[in-house]
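What follows is the residue order along each chain.
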Amino acid sequence: MYKTSYYDDFRCIGSECPNSCCVGWEIDLDINTFQKYRDLHDSNINKCISVNQKPTYDKFAKIKNVKDQRCSFLDKNNLCNIQKKYSEKLLSPTCSNFPRRKVDFGSKQLSSCLLSCPEISRIFFADNEQLKIIDDKKKLVDTNLKIIPDEFRNNLYAVSGERVFNFLYKLYNSNDISLEKCLMITNQIINEFSNKKIEPHKLNEVFKYIKSFFLNHKIEKKIDTEMQLNFLKKFFRCFLKKKINNKLSELINKLYTDCFLNRDIKKIKLLYEKNKLHNFNQFLIKHPNIFKKFFIHEFFGKTHLLTNEDFDSNDGFYLIFFIALVSKLIIILNTLYKDKIVVEDFIEVISLVSRYYGGKDNLDKEEKELVSKDNQTFVNLFYLFFG
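In this report, we go over the structure that sits alongside the text. (Residues numbered from 1 in each chain as written. Predicted model: local features only at pLDDT ≥ 70, side-chain atom pairs only at ≥ 80, totals over all residues. Heavy atoms only, no water.)

## Quick notes on the pairing of strand β6 (residues 109-113)
Then step 1. Taking burial as the measure, the five residues of β6 include five buried ones, the bulk of the element.
Then step 2. Every second residue of β6 is oriented toward a common face, with Q109, S111 and C113 on one face and L110 and S112 on the other, all of them buried.
Then step 3. As paired elements, strand β1 (residues 2-4) and β6 share two bridges and run parallel to each other. For K3, the partnering residue across the bridge sits in β6 and is S111.
Then step 4. Pairing geometry for strand β5 (residues 100-104) and β6, over five bridges, is antiparallel. Residue K102 lies in a different strand from β6, and its bridge partner there is S111. (Buried < 20%, exposed > 50% of the residue type's maximum accessible area, 1.4 Å probe, protein only. Helix = DSSP H or I, 4+ residues; strand = E, 2+ residues; numbered from the N terminus. Pairing = 2+ DSSP bridges.)

So this is what it looks like as structure tokens:
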């Protein structure tokens, strides 16, 4: 087993959580948990659960939501009545496992946590250290993770994907390589790899060539605040059309109303650019690795995107990039009237955006259309992010 170094440090903070995982979505019950609840003969529990129209073993039933999409087992203090009245052992796998996630390779598992949990984001982004991965003996693994177990090492695509991840792990943990360079190298490698243009025995040679090429490549960047604000406006409209009731939609609705409907857009543009060039840049100086940590953390949590041919690794990469892009721009817009941007501002937004998009493997159709102009998805994401 490999896992992130913070994995065992997580403890749910319950009623103190700013964005409870028991609010905002329907919670599935597997058939075993459903039967355990029925066996309690508790009318208060029975009235809160219902069998799905097309029940499966893992999604046999669901817990009903009440006002504001709160789990009906949640009390006024945001504590679980099941756990309070009975035992933590009666929680469904969905509840007891969250925010933990695993990528299962048979005899090997990769364990990390979802950044949609504010407490996980707080723990992970609390320092400027690199992503640390440990083995089952809690020994730090710097490079060459053997992700694919022996029984599957005849799968050349999976083994090649393992090598791609190990290359990215070393790349993003390097203090000498900028985020811009990391992303350009990543895009080229994933594009070549997913299109099967690299012969397995030439992987290291190709990695070395692509890395060398982009390290010596001059990046042309220009400040384009108007482009970023136009994107945000379109994204906000797109998201609000979904009519989702969660804290991200509340924040987006507030920002859309305050910045694009009720204010002078020229004034907003000036404030945004000033905040971006001063406060946000100062924040990045204090936390230089924060986005690099985010990217490699998500690659580790979604390693299947690199090792399983059934998934499109390009689409997976674009989704991760999209989450980073939207989070960055919202953070800047959400802190226009603050003296400085702090890590708590980053955590608040990255966890909210990850709450909706982090569990997916590719972008929704509407979001994809926002960044796929001229079939240049990576280029559009790149210039929006660094503009």
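## A closer look at the nonpolar core
Then step 1. I330 and L333 are the most contacted members of the largest nonpolar core, which totals 104 residues.
Then step 2. The dominant element in this core, judged by the number of residues it contributes, is helix α14 (residues 313-334), at 15 residues.
Then step 3. Each residue touching L333, except ones within four places of it in the same chain, is listed here: L229, L232, F236, L255, C259, F260, I268 and Y272.
Then step 4. Counting 17 residues, the second largest nonpolar core, distinct from the first, contains F34, I63, C71 and I82. (Core = buried A, V, L, I, M, F, W, Y, C linked by side-chain atoms within 4.5 Å. Contact = heavy atoms within 4.5 Å.)

## A closer look at the packing of aromatic side chains
Then step 1. Counted under the stated rule, the structure contains 41 aromatic pairs.
Then step 2. For the pair F231 and F235, a centre-to-centre distance of 6.3 Å together with 10 degrees between the ring planes defines the contact as stacked. In this pair, F231 and F235 both sit in helix α9 (residues 225-240), four residues apart, roughly one turn of the helix. With respect to class, F231 is no different from F235; both count as buried.
Then step 3. Here the basic side chain of K293 rests over the ring of F124, its NZ or CZ set 4.6 Å away from the ring centre.
Then step 4. Across the ring face of Y356, the terminal group of K360 is positioned such that the distance to the ring centre comes to 4.8 Å. (Phe/Tyr/Trp six-rings, centres within 6.5 Å; stacked < 30°, edge-to-face > 60°. Lys NZ or Arg CZ within 6 Å of the ring centre and 35° of its normal.)

## What to know about the sheet that holds β6
Across a sheet, strands are paired by hydrogen bonds formed along the backbone, either parallel or antiparallel in direction.
Then step 1. Across the sheet, which stays open at both edges, the four strands sit in the order β5-β6-β1-β7 with mixed pairing between neighbours. Of all strands in the sheet, those bounded by a partner on one side alone are β5 and β7 (133-135). Ignoring strand direction, the axes of neighbouring strands in this sheet form an average angle of 25 degrees.
Then step 2. Strand contacts of helix α12 (residues 290-301): β1, β5, β6 and β7, with the helix running at about 135 degrees to β6, the strand carrying the most contacts. (Axes fitted to C-alpha atoms, helices over the stretch in contact; angles between N-to-C directions.)

## Observations regarding helix α7 (residues 179-194)
Then step 1. Under the 1.5 Å per step criterion, the end-to-end length of α7 is 22 Å for 16 residues, consistent within 8% with the ideal 22 Å.
Then step 2. Here α7 lies mainly inside the structure; 14 of its 16 residues are buried.
Then step 3. One or two steps after α7, the chain reaches K196, where phi turns positive at roughly 55 degrees. (Expected span 1.5 Å × (residues − 1).)

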